[in-house]
Amino acid sequence: MTKAEERAVGILGFEDVSRELEWMPLAARRALDAAGTVLRLSAWQTLPLSARWSLIELGAPASVRADEVIALLAGVETSGGAVWTEGVEPSLGLLELVGARRAEVSAAYSALSGLERYALEKIGSSPRRSEAERRMRVAEAFDWMQAVHGEAPSRLTHVDEQGRVRMVDVSEKEASSRFARASARLRMQAATLQLVRDGATKKGDVLATARLAGIQAAKRTWELIPLCHAIALSGVELELALDDTLPGIRVEARARTVERTGVEMEALVAVSVAGLTLYDMLKAVDRGMVLEQVQLEEKSGGRLGDFKRGS
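What counts and how
- Residues numbered from 1 in each chain as written.
- Predicted model: local features only at pLDDT ≥ 70, side-chain atom pairs only at ≥ 80, totals over all residues.
- Heavy atoms only, no water.
- Helix = DSSP H or I, 4+ residues; strand = E, 2+ residues; numbered from the N terminus.
- Buried < 20%, exposed > 50% of the residue type's maximum accessible area, 1.4 Å probe, protein only.
- Areas by Shrake-Rupley, 256 points an atom, 1.4 Å probe, with all protein chains shown as cover.
- Core = buried A, V, L, I, M, F, W, Y, C linked by side-chain atoms within 4.5 Å.
- Contact = heavy atoms within 4.5 Å.
- Expected span 1.5 Å × (residues − 1).
- Arc of directions from axis to C-beta.
- Polar contact = N/O pair within 3.5 Å; in protein donor to acceptor, adjacent residues only side chain to side chain.
- Axes fitted to C-alpha atoms, helices over the stretch in contact; angles between N-to-C directions.
- Parallel < 35°, antiparallel > 145°, perpendicular 65-115°, else oblique.
- Left-handed = near helix turned anticlockwise from the far one by under 90°.
- Nonpolar A, V, L, I, M, F, W, Y, C, P; charged D, E, K, R; others polar.
- Pairing = 2+ DSSP bridges.
- Salt bridge = Lys/Arg side-chain N within 4 Å of Asp/Glu carboxyl O.

A. Inspection of the overall build of the chain at higher detail. For the chain, the helix and strand inventory stands at 13 helices and seven strands. Counting over 311 residues, the chain shows a buried share of 45%. Summing over all exposed atoms, the chain offers an accessible surface of approximately 16100 Å²; the carbon and sulfur share of this is 53%.

B. Main features of the environment of R220. Residue placement: R220 occurs in the loop between α11 (206–219) and α12 (221–224). Considered as a pair, R220 and I231 are 11 residues apart in the sequence and their alpha carbons are 9.5 Å apart.

C. The arrangement of the nonpolar core in detail. If you look at the biggest cluster of nonpolar residues, it comprises 41 residues, and the most contacted ones within it are F14, W44 and L120. If near-sequence neighbours (up to four positions away) are discounted, W44 is found in contact with L21, E22, W23, M24, P25, A28, L39, R52, L55 and I56. In this structure, L186, L207, A267 and L268 belong to the second largest nonpolar core, which totals 30 residues.

D. Spatial organisation of α11. For α11, built from 14 residues, the straight-helix expectation of 20 Å at 1.5 Å per residue is met to within 8% by its first-to-last C-alpha distance of 20 Å. Listing the buried residues of α11 in full gives V206, L207, A210, A213, G214, A217 and A218. End-on, the buried residues of α11 take up no more than an arc of 130°, which puts them together on one face. Looking at the packing, one finds that the buried side of α11 touches α10 (190–198), α12, β4 (233–243), β5 (248–259) and α13 (264–282). One side-chain oxygen at the N-terminal end of α11 lies 3.3 Å from the backbone nitrogen of L207; it belongs to D205.

E. Focus on the packing of helix α8 (residues 114–124) against helix α9 (residues 131–148). Direction vectors running N to C along α8 and α9 enclose 165°, while the axes themselves pass 8 Å from each other. Of the possible angle classes, the one that applies to α8 and α9 is roughly antiparallel. For α8 against α9, the interelement crossing comes out right-handed. On the side of α8, the interface is formed by E116, A119, L120, I123 and G124, while α9 contributes R134, R137, V138, A141, F142, W144 and M145. Looking at side-chain class alone, the contact of α8 with α9 contains eight nonpolar, one polar and three charged residues.

F. Seen up close, the sheet that holds β4. Within the open sheet, the five strands sit side by side as β4-β5-β3-β6-β7. Their pairing is antiparallel. Only two strands of the sheet have a single partner each, and these edge strands are β4 and β7 (307–308). In the sheet, β4 pairs with β5 via 10 bridges, with the strands oriented antiparallel. Across the sheet, residue L240 finds its bridge partner in β5, namely V251. Taken strand by strand, α10 contacts β4 and β5, and its axis lies near 120° from that of β4. Strand contacts of α11: β4 and β5, with the helix running at about 145° to β4, the strand carrying the most contacts.

G. Seen up close, the pattern of salt bridges. Evaluation of the coordinates by the stated rule reveals 19 salt bridges. For E292, the salt bridge identified is with R185, shortest N-O distance 2.8 Å. Here E292 is found in strand β6 (residues 290–300), whereas its partner R185 is found in strand β3 (residues 176–187), with 107 residues between them in sequence. A salt bridge links E252 to R254, with the nearest nitrogen and oxygen atoms 2.8 Å apart. Overall, the relative accessible area of 21% leaves E252 in the partly exposed class. Residues joined in a network through salt bridges with shared partners are R181, E237, E239, E252, R254, R256 and E298.

H. Highlighting the packing of helix α2 (residues 26–34) against α8. Direction vectors running N to C along α2 and α8 enclose 90°, while the axes themselves pass 10 Å from each other. The angle between α2 and α8 places the two elements in the roughly perpendicular class. Between α2, through L26, A27, R29, R30 and D33, and α8, the contact on the second element is made entirely by G114, L115, Y118, A119, K122 and I123. Broken down by class, the residue content of the contact of α2 with α8 amounts to six nonpolar, one polar and four charged.

Okay, here's the thing in structure tokens:
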């Protein structure tokens with residue numbers, strides 16, 4: 001199931017929900033709360049996967065049909081609870097939690113879906129998390145909602161509410177599969193490119209050296225970019241292609257990990273350092289080379305969903 005399909009049936013992109021639905025998504029919790037029903041996690045995990053998806057779908061629409069939720073759980077051990085009452089205005093507790101973003105959240109709140117409003121309120125009132133954790137998770141969820149509704153997130157994740165640079169705390173996130181592909185290109189004189197093709201450079205196999213440099217750089221990204229996390233890379237691949245139309249060399253890197261944060265910077269650092277290594281090895285014959293168009297091509301995984309350039 002794609003990210004778009006997940007969102008259509010009630011999976012919010014910032015949740016990092018697995019296909020096996022081991023944990024209860026917010027849409028399912030909303031359905032239960034609307035029906036005044038409490039379902040233990042152990043009972044949720046014993047439900048057939050189809051029933052879990054059905055419960056998620058029931059919790060996604062503008063209004064929840066409580067009778068359908070109760071019918072779906074007939075024969076399942078549940079207990080009674082308070083019925084969730086939804087409003088079109090943010091609660092005072094949520095507004096106090098978002099602090100400086102109070103006006104921003106208030107202005108956007110009525111345009112959010114019922115599930116999105118529920119998510120903000122539920123995350124913001126979680127008794128199991130500290131106030132700092134709740135504030136961080138509400139901010140991440142709201143930024144995702146802004147992106148989905150076509151608005152650029154107004155807050156940089158590496159800046160706190162006082163405007164101070166920080167390293168983002170990812171300890172509360174679930175580890176998930178992440179992938180990123182980046183590219184760059186090194187323009188050069190046609191004669192320089194021919195030297196590379198003929199293997200006639202004085203420094204040996206420049207392509208093999210650049211490939212190794214890119215892989216090594218990806219592994220050390222956290223030491224080069226101040227606010228990056230040190231992550232365990234599952235794999236890094238570098239491809240270098242000679243292109244007479246530039247003329248020059250095209251560089252592409254693909255990076256993978258199973259982590260709590262993305263791997264985009266590792267892929268971007270890999271193509272950058274591979275390109276710089278090519279420049280270093282060829283500068284004796286062509287100092288006019290240009291390393292350009294370093295860019296992310298695609299990424300997958302994480303709370304903000306997938307990205308593909310041009311789509």
